[in-house]
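If you want the building blocks of each chain, they are given just below.
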Amino acid sequence: DGMNILFIIVDDLRPVLGCYGDKLVKSPNIDQLASQSMVFTNAYAQQAVCAPSRVSFLTGRRPDTTRLYDFYSYWRVHAGNYSTMPQYFKENGYLTLSVGKVFHPGVSSNYSDDYPYSWSIPPFHPSAEKHENDKTCRGKDGKLYANLVCPVNVTEMPGGTLPDIQSTEEAIHLLNIMKTNKQKFFLAVGYHKPHIPLRYPQEFLKLYPLENITLAPDPWVPKKLPSVAYNPWMDIRQRDDVKALNVSFPYGALPDDFQRKIRQSYYAAISYLDVQIGLLLNALDNVGLSNNTIVVFTADHGWSLGEHGEWAKYSNFDVATRVPLMFYVPGRTTSPVSHGARVFPYLDPFSHIGSSAPQGQSKKVVELVSLFSTLAELAGLQVPPPCPEMSFGVVLCTEGTSIVHYFNVSEGKVEEGKEGCDDTDRCFKEEPFALSQYPRPADTPQWNSDKPKLKDIRIMGYSMRTTDYRYTVWVQFDPSNFSANFEDVHAGELYMMENDPNQDYNIYNNTSHGWFFKKIVD
């Protein structure tokens, strides 16, 4: 009678994972989950910044409908009283629980993580969270700094712990309670790392000797990148260790050796995260619930690691918008799992050798806004109806189509990306696409280009990704009435994936793009 849901959401994690083909990273527990899951290799967030992305996929509506492009409004007041995914499960008899960073805390979730609408009990936040930006990174001089690159001795940290360790402990505690509770549950667990600061237990550095770390394949600002598209990574410049490098704004490059250190720490933070995931999934085995719990693993957006001369998120490039996305559905992505079976034995990234391939894999282009309808369908609930064109007054509907029909299709048959598409509306009689967007305050990089407040937004970059291309138009935007004017195009980008997979050569100005434009406006 219905499955439980374990919904794992990671902050700022791009798909640098073994199961996504990364050769350097050590992520055995996430890879083990992938080996029992349907893995989507072309999944994209709707906006590459935390609060707008999370509110979008938790309500199943795009940022133009939630009207959240920054951190400073609550959709129920500002846009419409939209039901959320956890709220829908709660209304359907589930106990809904939130641990760590699920909703973005603050105004955008009403200072309550949308409790009591979305959650059965008040959400848990780790006490160590408040020290995230304190000076806890020991410099070469022995003093403490608020650095970007911050491997630490956990025993020296306030409380002797870190937020993600506490979140794992709380989630395991809740699983132990749920094992005796007969009620179905929807448990969302939000992990902070690899969000900056890159603060993680220092032993994980051992996994990544600096000499093995390369620079990004394209660490320069592309010649034909419109200035409006560039994100000047202000949040990184404000960290003590980066500040000390005195890099010129906006296009100055970080020194190569420091770029390697950032990349090294990003990888180390992922292996630290992998340990948390391993402990959590092992606990699911321990309480005997792996046979009747759906596990979803994803991230709110990606993170640039020096590609295009950029760092952090805040752009429409794949490195910022693409996310890992996998679904473990016992009996569907695996053969039936017997009660009490060990599906997820803990794997130690320091000693585990070998890798595991995903159970099933789809190259279909999909969007996080589809999570709500997909999870409802997988759980056997009625799938919320598609939203009408104007849906501000509609409490329950979604703007993302369920992607469950991609689970059954063997990739061999649909390699062309043309068949297996039974929803003609969504597919426009052709392959699906993902829509992302990003606001800017001006045509050139400003101190607030990464995170403009609503009142300062003047341009919106709408970006469409298909298997073959990424097409972006930067158009005039009026924040007073949330309107984009597609007659006033400030700049454009077009990258053809086949010969430019890293999106370095913008051919917008030497291509006729009427067809793309019509498609994005529709």
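Residues numbered from 1 in each chain as written. Predicted model: local features only at pLDDT ≥ 70, side-chain atom pairs only at ≥ 80, totals over all residues. Heavy atoms only, no water.

Under an unreviewed UniProt entry, the name given to the protein chain is Iduronate 2-sulfatase, and the source organism is Cinclus mexicanus. Its UniProt record, at the heading Sequence similarities (unreviewed entry), says of the protein chain: "Belongs to the sulfatase family." (UniProt positions renumbered as here; feature names shortened; annotations may be inferred.)

K.L.:
Now, about the overall build of the protein chain: what can you tell me, with residues and values included?
P.N.:
A tally of regular secondary structure across the protein chain gives 14 helices and 17 strands. The principal-axis extent of the C-alpha atoms belonging to the protein chain is close to 60 × 60 × 45 Å. For the protein chain, with 522 residues in total, the buried portion stands at 62%. A fraction of 75% describes how many contacts in the protein chain between residues 6 or more apart in sequence connect residues 24 or more apart. For the protein chain, the computed accessible surface area is about 19,800 Å², with 52% contributed by carbon and sulfur atoms. (Helix = DSSP H or I, 4+ residues; strand = E, 2+ residues; numbered from the N terminus. Buried < 20%, exposed > 50% of the residue type's maximum accessible area, 1.4 Å probe, protein only. Contact = heavy atoms within 4.5 Å. Areas by Shrake-Rupley, 256 points an atom, 1.4 Å probe, with all protein chains shown as cover.)

K.L.:
Quick one: what's the story with the sheet that holds strand S9 (residues 293-299), residue by residue and with numbers?
P.N.:
Whenever strands of a sheet pair, they do so through backbone hydrogen bonds, lying parallel or antiparallel. The mixed open sheet is built from 7 strands, whose spatial order is S3-S7-S1-S9-S12-S2-S13. Of all strands in the sheet, those with a lone pairing partner are strand S3 (95-100) and strand S13 (360-367), marking the two edges. Ignoring strand direction, the axes of neighbouring strands in this sheet form an average angle of 15 degrees. Bridge count between strand S1 (residues 4-10) and S9: 7 bridges; the pairing is parallel. The residue of S9 that forms the bridge with Phe7 is Val296. Across the sheet, helix H9 (residues 256-286) touches S1, strand S7 (185-191) and S9, and the angle it forms with S1 is around 175 degrees. Along the sheet, helix H11 (residues 371-378) contacts S1, S7, S9, strand S12 (322-328) and S13; its crossing angle with S9, the most-contacted strand, is approximately 165 degrees. (Pairing = 2+ DSSP bridges. Axes fitted to C-alpha atoms, helices over the stretch in contact; angles between N-to-C directions.)

K.L.:
Can you break down the sheet that holds strand S14 (residues 434-440) residue by residue, with the values?
P.N.:
Read across the open sheet, the 4 strands follow the order S14-S15-S16-S17; overall the sheet is antiparallel. Across the chains shown, the open sheet's two edge strands, defined by having one partner strand only, are S14 and strand S17 (483-496). Within the sheet, the average angular offset between the axes of one strand and its neighbour, ignoring direction, is 20 degrees. For S14 and strand S15 (residues 459-465), the ladder comprises 7 bridges, and the chain directions are antiparallel.

K.L.:
Go over the pattern of salt bridges with me, naming the residues and quoting the values.
P.N.:
According to the stated counting rule, one finds 15 salt bridges in the structure shown. Residue Arg54 is joined to Asp11 by a salt bridge in which the shortest nitrogen-to-oxygen separation is 3.1 Å. In this pair, Arg54 sits in helix H2 (residues 50-59) while Asp11 sits in the loop between S1 and helix H1 (28-34), placing the two residues 43 residues apart along the sequence. The closest approach of N and O atoms between Arg199 and Glu132, which form a salt bridge, is 2.8 Å. You can see Arg199 sitting in strand S8 (residues 198-201) and its partner Glu132 sitting in the loop between S3 and strand S4 (137-138), a full 67 residues away along the chain. Summarising the burial analysis for this pair, Arg199 and Glu132 share the class buried. Within this structure, Asp11, Arg54, Lys101 and Asp300 form a network of salt bridges that share partners. (Salt bridge = Lys/Arg side-chain N within 4 Å of Asp/Glu carboxyl O.)

K.L.:
Outline the state of the cysteines, listing residues and values.
P.N.:
Per the counting criterion, the structure on display carries 2 disulfides. Here Cys137 connects covalently by a disulfide to Cys150, the sulfurs 2.2 Å from one another. The S-S bond linking Cys137 to Cys150 shows a torsion near -100 degrees; that makes this disulfide left-handed. Within this pair, whereas Cys137 is found in strand S4, its partner Cys150 is found in strand S6 (residues 149-152), the two being separated by 13 residues in sequence. Neither Cys137 nor Cys150 differs from the other in exposure class; each is buried. (Disulfide = S-S within 2.5 Å.)

K.L.:
Lay out the packing of aromatic side chains with the relevant residues and their values.
P.N.:
For the structure shown, the criterion picks out 29 aromatic pairs. Ring centres 5.0 Å apart and planes at 70 degrees place the aromatic pair Tyr328 and Phe344 in the edge-to-face group. Taken as a pair, Tyr328 in strand S12 and Phe344 in the loop between S12 and S13 lie far apart in primary sequence, 16 residues in all. According to the relative accessible area criterion, Tyr328 is buried, its value standing at 0%. Residue class for Phe344 comes out buried when judged on its relative accessible area of 1%. A network of ring pairs unites the aromatic residues Phe7, Phe57, Tyr74, Trp75, Phe89, Tyr94, Phe103, Trp119 and Phe186 as a single cluster. Over the ring of Tyr117 we find Arg76, and its NZ or CZ is 4.0 Å from the ring centre. (Phe/Tyr/Trp six-rings, centres within 6.5 Å; stacked < 30°, edge-to-face > 60°. Lys NZ or Arg CZ within 6 Å of the ring centre and 35° of its normal.)

K.L.:
Provide a residue-level description of the side chain of His308, including the pertinent values.
P.N.:
Counting through the fold element by element, His308 comes out in the loop between strand S10 (304-305) and strand S11 (311-312). Engagement of the side chain of His308 in a polar contact is seen with the backbone oxygen of Asn502, the distance being 2.9 Å. If we skip the residues at most four places from it in the chain, His308 touches Asp218, Trp220, Val221, Pro222, Tyr230, Phe317, Val319, Asn502, Gln503 and Asp504. (Polar contact = N/O pair within 3.5 Å; in protein donor to acceptor, adjacent residues only side chain to side chain.)

K.L.:
Describe in detail the UniProt feature "domain: Sulfatase N-terminal" (unreviewed entry) in the protein chain, supporting the description with residues and values.
P.N.:
With numbering aligned to this structure, UniProt lists the feature "domain: Sulfatase N-terminal" (unreviewed entry) at residues 4-380. Secondary structure over residues 4-380 splits into 26% helix and 17% strand, and the C-alpha atoms at its two ends are 11 Å apart.

K.L.:
Give a description of the side chain of Thr293 that names residues and reports values.
P.N.:
Mapped onto the fold, Thr293 is located in strand S9. Among the polar contacts listed, one links the side chain of Thr293 to the backbone oxygen of Leu289, at a separation of 2.8 Å. Once residues lying within four places of it in the same chain are set aside, the contact partners of Thr293 are Met3, Asn4, Ile5, Leu6, Phe185, Leu284, Tyr328 and Pro330.

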